[in-house]
Amino acid sequence: MTNRVMIEARGLVKRYGDFTAVKGIELEVQEGEIFGFLGPNGAGKSTTIKMLTTISRLTDGLARVAGHDVTRETDEVRSSLGIVFQDPTLDIGLTAWENLYLHGLLYGLASTEIRERADAVLAMMELQERRKDLVKTFSGGMKRRLEIARGLMHRPKVLFLDEPTVGLDPQTRARIWDYVKTLRDENGLTIFMTTHYMDEAEHCDRIAIMDQGEIIALDTPDNLKRSVGNDVITLQTANDAQAIAALAANFSITARSVQGGVQFDAEDGETFLPQLLARNLFHVTSLNLRKPTLDDVFMLLTGRTIREEDLGARDQMREAFRQRGNRR
Amino acid sequence: MSLRAVYVVWLRELIKFWREKARIVTSLVQPAVWLFVMGKGLSGFVHLHGPFSGSYTAFMLPGVMGMTVLFASIFSSVSIIWDRDFGFLKEMLVAPVPRSALVFGKILSGATVAMIQGTLVLIFSPFVGVQLSFTGVLEAMGTMFLLSLSLSGLGIAVATRMTSMQGFQLVMNFLLMPMYFLSGAIYPLQGLPTWMSAIARIDPLAYGVDALKWALIRFHQFSLSVDYAVLVGLAVVFTLIATSLFKMEG
Ligand SMILES: Nc1ncnc2c1ncn2[C@@H]1O[C@H](COP(=O)(O)OP(=O)(O)O)[C@@H](O)[C@H]1O
Ligand SMILES: [Mg+2]
């Protein structure tokens, strides 16, 4: 794979009046990468996507997508990107096929090409049977899949997905991830996505953790988690005191006695545990290995945690505002 | 490229119009009420004097068509708010097409739909005593299209300034009924108090209704060249205003 930079942002700033939603972001995404933007609601993820996709003007800074400047080469940028917005943008009064057809026309595809592409993307997203049905009859997961299909109609080089799995059931979420990985693996597509689900961010090649308009960490999921600390192992044993002594003598590990048994840190729990058990130094009745999560990373960096129920309430407020027409 | 975009917007609206055939039929209810409930009821004691010698309901037909065009145009321009609230507008805004193409497409589709609905009102003509001629119908269709271009442009211009559907409806209620009553649709614009004729003079619908009357019942109060000059002028002006207001958004 070539090392082409497909998305580049330098000092990206977005201000709404006195409020700065995005505070000078720097990032580079390589071709064929799945890049994740992780952060709580209001972090500025959607605002960043809007600037990168030419919907929203940059207050300051510079951004390039597929080699084109988002401010000066708007049409080139628009032709080379596909996008699935956080809020649905399908026309529910049209059929699946009509939505794709109009999209193809809008992007200047010829009729034969439109037919070819519509067939291909419908097949990929497993929606062929429903092509003639009005979108208003679709389930949430089908609508999302159709939106992804539509975003792929014009063979974009970069696909932006803003919270593509929010509100979907676990199976549908898993399926959407399968599609995304297939797109990357088979078509070399560059994918830029946002999420506030920690577990989903693990699928990305690299993650930028965003909070209050700033990127506070940017690395691979593994590196990020390693930065938090070691794995935590908890053992239940027949004799805790004996176990602590044995760990100290054989591995120079300082274990502590806790409620659930004996607890200690290990750099690589998966390989350490089999070694420990093979030695048969003491009797273990149960064990627990806890690896650091991206939640821990966020906690360490901000002192806060992303709580799903908070998001629910804020999402509802946002929705209410939107309904009342508080827009942009 | 941008012609294609205009076509896409137009096509989308027409597919949806065609799909809602029920809406096409119900759009005839209001004209029927005006013609047969109002018109027939009033014709007993309304005596038109002056140059027009036909029945009162015949007099009303072009006016009711003008009203149909008015409501259809405004209704279709409201859809731009709907698109914004329900997100479809973003799909068009992120496409490699100029924003003005979206406005043109909306205005053209509004005019097409309004012209179709206005023309459908002609099925009532045998019952109100209006004899149709082929050229008269064509003239009326062209007039309605032209009239609707300016009304759709006006509707979109107002819609871009509105943040909600309710607000839009409020503004339009203040505007639409007076526009209709002062257009000469239900009574001739003569012998009116000065303030009324002054307002009628700035009512775009008045010029459309006047030209429609000429096309269908061979009666007019303004000069026809003034009618068409005003209609073309307003279509251009409102389209430009709508386009520039829409560009300023976001
Ligand atoms: N048009 C706007 N006007 C004012 N503030 C805005 C506007 N759009 C977004 N914001 C604010 O910018 C911040 C970031 O929003 P957003 O990018 O949607 O966050 P995220 O997608 O990470 O949840 C939020 O505080 C939001 O309220
Ligand atoms: Mg968002």
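What comes next concerns the included structure.

About the thresholds
Residues numbered from 1 in each chain as written. Chains lettered and ligands numbered in written order. Predicted model: local features only at pLDDT ≥ 70, side-chain atom pairs only at ≥ 80, totals over all residues. Heavy atoms only, no water. Helix = DSSP H or I, 4+ residues; strand = E, 2+ residues; numbered from the N terminus. Rg over C-alpha atoms; globule rule 2.2 N^0.38 Å. Buried < 20%, exposed > 50% of the residue type's maximum accessible area, 1.4 Å probe, protein only. Pairing = 2+ DSSP bridges. Contact = heavy atoms within 4.5 Å. Axes fitted to C-alpha atoms, helices over the stretch in contact; angles between N-to-C directions. Salt bridge = Lys/Arg side-chain N within 4 Å of Asp/Glu carboxyl O. Near = heavy atom within 4 Å. Polar contact = N/O pair within 3.5 Å; in protein donor to acceptor, adjacent residues only side chain to side chain. Areas by Shrake-Rupley, 256 points an atom, 1.4 Å probe, with all protein chains shown as cover. Nonpolar A, V, L, I, M, F, W, Y, C, P; charged D, E, K, R; others polar. Phe/Tyr/Trp six-rings, centres within 6.5 Å; stacked < 30°, edge-to-face > 60°. Lys NZ or Arg CZ within 6 Å of the ring centre and 35° of its normal. Donors = N, O, S within 2.8 Å, 3.2 Å for Na, K, Ca; no water.

1. Examining the overall build of chain B
Stage number 1. Each helix and strand in chain B was counted, giving twelve helices and zero strands.
Stage number 2. Reading chain B from its N terminus to its C terminus gives the helix and strand order α-α-α-α-α-α-α-α-α-α-α-α.
Stage number 3. Rg of the C-alpha trace for chain B: 18 Å, near the compact-globule value of 18 Å for 250 residues, within the 12% margin.
Stage number 4. Its C-alpha atoms give chain B principal-axis dimensions of roughly 60 × 40 × 35 Å.
Stage number 5. Among the 250 residues that make up chain B, the fraction classed as buried is 57%.

2. Examining the sheet that holds strand S4 (residues 60-65) of chain A
All names here are of chain A.
Stage number 1. Across the sheet, which stays open at both edges, the four strands sit in the order S2-S1-S4-S5 with antiparallel pairing between neighbours. Each edge of the open sheet carries a strand with a single partner, namely strand S2 (19-30) and strand S5 (68-69).
Stage number 2. The sheet contact formed by strand S1 (residues 5-16) and S2 spans nine bridges and is antiparallel. Note on S2: the bridge partner recorded for Tyr16 is Phe19.
Stage number 3. Its contacts with the sheet place helix H1 (residues 45-52) against S1, S2 and S4, and it is angled at close to 115° to S1.

3. Observations concerning the environment of Thr243 of chain B
All names here are of chain B.
Stage number 1. For Thr243, the location among the structural elements is in helix H12 (residues 224-248).
Stage number 2. When the C-alpha atoms of Thr243 and Arg99 are compared, they prove to be 7.9 Å apart, with 144 residues separating the residues in sequence.
Stage number 3. Apart from residues lying up to four places away in sequence, Thr243 is in contact with Ser100, Val103 and Phe104.

4. A closer look at the pattern of salt bridges
Residues and elements named next belong to chain A.
Stage number 1. Within this structure, the stated rule accounts for 29 salt bridges over all chains.
Stage number 2. Glu28 is the salt-bridge partner of Arg10, the closest N and O atoms lying 2.5 Å from each other. With a gap of 18 residues between them, Arg10 in strand S1 and Glu28 in strand S2 connect regions that are remote in the sequence.
Stage number 3. Accessibility expressed as a relative area gives 29% for Arg10, which makes it partly exposed.
Stage number 4. Judged by relative accessible area, which is 31%, Glu28 ranks as partly exposed.
Stage number 5. Put simply, Glu33 and Arg206 hold a salt bridge, and the shortest N to O gap is 2.4 Å. Highlighted residues: Glu33 in the loop between S2 and strand S3 (34-38) and Arg206 in strand S9 (residues 206-211), separated in sequence by 173 residues.

5. As for the sheet that holds strand S14 (residues 284-290) of chain A
Residue and element names in this part refer to chain A.
Stage number 1. Taken together, four strands build an open sheet; the order of strands is S12-S13-S11-S14 and the sheet is antiparallel. Here the strands that pair on one side only, and so sit at the sheet edges, are strand S12 (256-258) and S14. Strand-to-strand twist across the sheet, computed as the mean angle between neighbouring axes with direction ignored, equals 30°.
Stage number 2. Examined bridge by bridge, S12 and strand S13 (residues 261-266) share three bridges and lie antiparallel to one another. The residue bridging Val258 from the neighbouring strand is Gly261, located in S13.
Stage number 3. Packing against the sheet, helix H9 (residues 240-251) makes contact with strand S11 (231-237), S12 and S13, and its axis sits at approximately 20° to S13.

6. A few points about the site of ligand 1
All names here are of chain A.
Stage number 1. Lining the immediate environment of ligand 1, one finds twelve residues, of which Gly42, Gly44, Lys45, Ser46 and Thr47 sit closest.
Stage number 2. Within the contact set of ligand 1, a nitrogen atom lies 3.4 Å away from a side-chain nitrogen or oxygen of Tyr16.
Stage number 3. In this structure, an oxygen atom belonging to ligand 1 sits 3.2 Å away from a main-chain N or O atom of Ala43.
Stage number 4. Isolated, ligand 1 exposes 560 Å² of accessible area, and the fraction of that covered by the protein chains is 71%.
Stage number 5. For the shell around ligand 1, the secondary-structure elements that each account for two or more residues are S2 and H1.
Stage number 6. If one sorts the elements of the shell around ligand 1 by residue count, H1 sits on top with three residues.
Stage number 7. Taken together, the residues that form the shell around ligand 1 break down as five nonpolar, five polar and two charged.

7. Quick word on the packing of aromatic side chains
Stage number 1. Taken as a whole, this structure holds 15 aromatic pairs over all chains when the rule is applied.
Stage number 2. Ring plane angle 80° and centroid distance 5.8 Å describe the contact between Phe264 of chain A and Phe272 of chain A, whose orientation is recorded as edge-to-face.
Stage number 3. A residue is classified by how much of its surface remains accessible, and Phe264 of chain A, at 0% relative accessible area, is buried.
Stage number 4. Pairing Tyr207 of chain B with Phe222 of chain B gives two aromatic rings, centres 4.9 Å apart and planes at 35°, and the pair type is tilted. In this pair, Tyr207 of chain B is assigned in helix H11 (residues 204-217) and Phe222 of chain B in the loop between H11 and H12, connecting sequence segments 15 residues apart.
Stage number 5. Classification of Tyr207 of chain B as buried rests on a relative accessible area of 7%.
Stage number 6. If you follow Arg12 of chain B out to its NZ or CZ, it ends over the ring of Phe88 of chain B, 3.9 Å from the centre.
Stage number 7. Above the face of the Trp214 of chain B ring, Arg218 of chain B is positioned so that its terminal group lies 4.8 Å from the ring centre.

8. Here we look at the coordination of the magnesium ion (ligand 2)
Residue and element names in this part refer to chain A.
Stage number 1. Surrounding the magnesium ion (ligand 2) are the protein donor atoms Ser46 (OG) and Gln86 (OE1), which sit 2.0 to 2.2 Å from the metal. With a gap of 40 residues between them, Ser46 in helix H1 and Gln86 in the loop between strand S6 (81-84) and helix H3 (96-106) connect regions that are remote in the sequence. Take Ser46 and Gln86: they sit in the same class, and that class is buried.

9. Overview of the environment of Leu28 of chain B
All names here are of chain B.
Stage number 1. Tracing the backbone shows Leu28 in the loop between helix H2 (21-26) and helix H3 (29-43).
Stage number 2. Overall, Leu28 belongs to the buried group, its relative accessible area being 15%.
Stage number 3. A C-alpha to C-alpha distance of 6.6 Å links Leu28 and Val121, two positions 93 residues apart in sequence.
Stage number 4. Those residues in contact with Leu28 that lie beyond four places of it in its chain are Leu120, Val121, Ile123 and Phe124.

10. Focus: the side chain of Glu200 of chain A
Residue and element names in this part refer to chain A.
Stage number 1. Inspection of the secondary structure puts Glu200 in helix H7 (residues 198-201).
Stage number 2. The exposure class assigned to Glu200 is buried, which follows from its relative accessible area of 3%.
Stage number 3. If we skip the residues at most four places from it in the chain, Glu200 touches Thr165, Arg173, Trp177 and Thr195.

That's the geometry; what it means functionally is another story.
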